[in-house]
Amino acid sequence: PSVSPTLNSSSSSNLFDELPKEKSWGVTELYQWEGFWYALPHLKAAITARSQFEASDDDILLASSMKTGTTWLKALIPSIMHCNGEEDSDDDDDSNDPLLRNHPNALMPSIVQIFQENPNPYLSGMCSPRLFRAHLPYAMLPESVKTSGCKIVYITRNPKDTFVSLWHFSNAARTPEKGPSPLNKAFESFCKGVHPFGPFHDHVLEYWKESVKKSEKILFLKYEDLKRDTRGQLKKLASFLGRPFVKESELDKVIRRCSLERLKNLEVNKNGVDNLLGIANSLYFRRGTVGDWKNSLSTEMKERLDNITKMKLEGSGLDL
Ligand code: A3P
C-alpha cells in the first residue's frame, strides 16, 4: 500500500506519525510515502525540495538507488564536464583535478541534503552547469526537473550486488558492539523493498520507463556495462551531456582519474570524513566488482532475489 497524506505545515509532524513505519537494517526507522521508504529527515527534505527546487535547463541530475555505483558517476560526470576542453597540455597533470581534494560527494551535492540543511537554499549562485545528485524515486523529483531541459543520468546495478554492497555499507554505520546486522534479516527487508529509497525494483522501473519514453532527457546506465565497456559507455555519457570527447586522450584521462584504485588511495578519501553525513569517505569505496554477491548470498537467497527481479521486470524490456 502506498500512503501520502496531505502535508500542511502545522500538523505535519502528526501526519508523519501516521505513516507506515518499519525498522530497517537495525539502524534507522523508515517511513513509507507514496510507495517508497525513507528515513524521516530525508522524507521531510524531499517534500520541501519537491515544492521548492527550481531546475535550470542546463542542470544535470544524477539519480540512483543506493549502492549502484553512484560514486563512480559522481566522479565521472564532473570530470567530463571539467576535462573536455580543459586547456591542459599534459594529460598526466592532475594539479587542477577537483577529485584530488574533494570526495565525489562534494562535486555533485545531494538535493535532499541541501534542503535538509536549509529549506531556502540559495542555489542560483552555483556555477553553471549545476550538478546535483539524488536517490529520490522519479515520482518524487521536483516538477521542474521533469519539465525543464535538466538532463538526468540514472545508474543501476544487479540487485544482488546492490544488496550486498548496501549490507556492507550499513554495517559500517553500526557500532562495533552491535556488529554487522544479521544478513538474513537485512535480506528479508531488501526483498520486501524496505530499505532507504526502496523498493529497489520499483525505483529502477520508474526511471527505466521514463528513459524509454524520453531518451534525450534520461540516460539509463548499468554498472556492469560501465565495468565491461568503460570506454564505450563513457563516450555515450559524454555525448549525452553535450561534451563529447574530442581526443582519445581526454577519455583516457577521465577513466584514469575516476578509477576506483586511484580514488580509494587519495588522502581525502582514505582519511577524510563527510561532515554532512558524518561518515568516513572511505566507506564509498570497497571492492567494485561484478558478482561479489557470491561471497555472501546462499543459493536460496540468490534464487529468491532472481525470482523477484524476474517477476518485477517482466515485460519491461529491462534485464538486470
Ligand atoms: P561494492 O560495495 O560492491 O564494492 P554507491 O557509490 O552508489 O554508493 O555504490 C558503491 C559501490 O560502487 C561500491 O561497490 C563501491 O566499491 C563502488 N565504487 C565506488 N567508486 C567506484 C569507482 N570509482 N569505480 C567503480 N566502482 C566504484
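Residues numbered from 1 in each chain as written. Predicted model: local features only at pLDDT ≥ 70, side-chain atom pairs only at ≥ 80, totals over all residues. Heavy atoms only, no water.

### Looking at the overall build of the protein chain
Looking only at helices and strands, the protein chain has 15 helices and nine strands in total. Relative to its length of 320 residues, the protein chain is compact, with a C-alpha radius of gyration of 19 Å against a globular reference of 20 Å. Along the three orthogonal principal directions, the C-alpha set of the protein chain runs to about 60 × 50 × 45 Å. For the protein chain, the residues scored as buried account for 53% of the 320 residues in total. For the protein chain, the exposed surface amounts to about 14800 Å²; the carbon and sulfur share of it is 50%. Of the charged side chains in the protein chain, 42 are positive and 42 negative, and the gap between their average positions amounts to 4 Å. (Helix = DSSP H or I, 4+ residues; strand = E, 2+ residues; numbered from the N terminus. Rg over C-alpha atoms; globule rule 2.2 N^0.38 Å. Buried < 20%, exposed > 50% of the residue type's maximum accessible area, 1.4 Å probe, protein only. Areas by Shrake-Rupley, 256 points an atom, 1.4 Å probe, with all protein chains shown as cover. Lys, Arg positive; Asp, Glu negative; His and termini not counted. Charge placed at Lys NZ, Arg CZ, Asp CG, Glu CD.)

### So, the side chain of Asn 105
Within the secondary structure, Asn 105 is located in helix H4 (residues 104-107). Here the side chain of Asn 105 touches Lys 74 through a polar contact of 2.5 Å, side chain to side chain. With sequence-adjacent residues up to four places away left out, Asn 105 is seen in contact with Lys 74, Arg 133, Asp 274, Leu 277 and Tyr 284. (Polar contact = N/O pair within 3.5 Å; in protein donor to acceptor, adjacent residues only side chain to side chain. Contact = heavy atoms within 4.5 Å.)

### Structural notes on the sheet that holds strand E1 (residues 21-24)
Reading across the sheet, the three strands line up as E1-E2-E3 and stay open at both edges, with antiparallel pairing between neighbours. This sheet does not close on itself; its edge strands, each paired only once, are E1 and strand E3 (36-39). Between one strand and the next, the sheet's axes are offset by a mean angle of 40 degrees, whatever the strand orientation. Of the pairings in the sheet, the one linking strand E2 (residues 28-33) to E3 comprises four bridges and is antiparallel in character. Across the sheet, residue Trp 33 finds its bridge partner in E3, namely Phe 36. (Pairing = 2+ DSSP bridges. Axes fitted to C-alpha atoms, helices over the stretch in contact; angles between N-to-C directions.)

### Some details on the sheet that holds strand E4 (residues 60-64)
Pairing in this open sheet of four strands is parallel, and the strands run E5-E4-E6-E7 from one edge to the other. Across the chains shown, the open sheet's two edge strands, defined by having one partner strand only, are strand E5 (131-134) and strand E7 (218-222). Sheet twist, expressed as the average angle between the axes of neighbouring strands with direction ignored, equals 20 degrees. Direction of pairing for strand E6 (residues 151-156) relative to E7: parallel, over a ladder of five bridges.

### Section: the environment of Asp 306
Checked against the element boundaries, Asp 306 lands in helix H15 (residues 299-313). For Asp 306, a relative accessible area of 23% gives the class partly exposed. Separated by 148 residues in sequence, Asp 306 and Asn 158 place their C-alpha atoms 9.7 Å apart.

### A closer look at the confidence of the model for the protein chain
Segments scoring low in pLDDT should not have their predicted coordinates read at a detailed level. Across the protein chain, the average pLDDT comes to 92, with 92% of residues at 70 or higher. Reported confidence for the predicted complex is 0.99 by ipTM and 0.95 by pTM. (pLDDT = per-residue confidence, 0-100.)

### Section: helix H12 (residues 248-257)
For H12, the set of buried residues is Glu 250, Leu 251, Lys 253, Val 254 and Arg 257. Looking straight down H12, one finds its buried side chains confined to an arc of 160 degrees; they lie on one side. (Arc of directions from axis to C-beta.)

### What about the pattern of salt bridges?
All told, the structure shown has 19 salt bridges when counted by the stated rule. The partner of Glu 188 in a salt bridge is Arg 304, with the nearest N and O atoms 3.1 Å apart. Placement of Glu 188 in helix H8 (residues 183-192) and of Arg 304 in helix H15 is noted, with a sequence separation of 116 residues between them. Its relative accessible area of 34% is what places Glu 188 among the partly exposed residues. Residues Asp 225 and Arg 228 are paired through a salt bridge, measuring 2.8 Å at the closest nitrogen-oxygen approach. Of the two residues, Asp 225 and Arg 228 both sit in helix H10 (residues 223-228), three residues apart, roughly one turn of that helix. Judged by its relative accessible area of 63%, Arg 228 is exposed. Sharing partners across several salt bridges, the network here consists of Asp 94, Asp 97, Arg 256, Arg 257 and Arg 262. (Salt bridge = Lys/Arg side-chain N within 4 Å of Asp/Glu carboxyl O.)

### Quick word on unusual backbone geometry
With an omega of -5 degrees, the peptide bond running from Ser 128 to Pro 129 counts as cis. You can see Pro 129 is positioned in the loop between helix H5 (111-117) and E5. The linkage connecting Gly 198 with the following residue, Pro 199, adopts the cis geometry, with an omega of 5 degrees. Structurally, Pro 199 can be placed in the loop between H8 and helix H9 (200-213). Although it is not a glycine, Lys 67 adopts a positive phi angle of roughly 65 degrees. Along the chain, the position of Lys 67 falls in the loop between E4 and helix H3 (70-83). When its relative accessible area of 13% is taken as the criterion, Lys 67 is described as buried.

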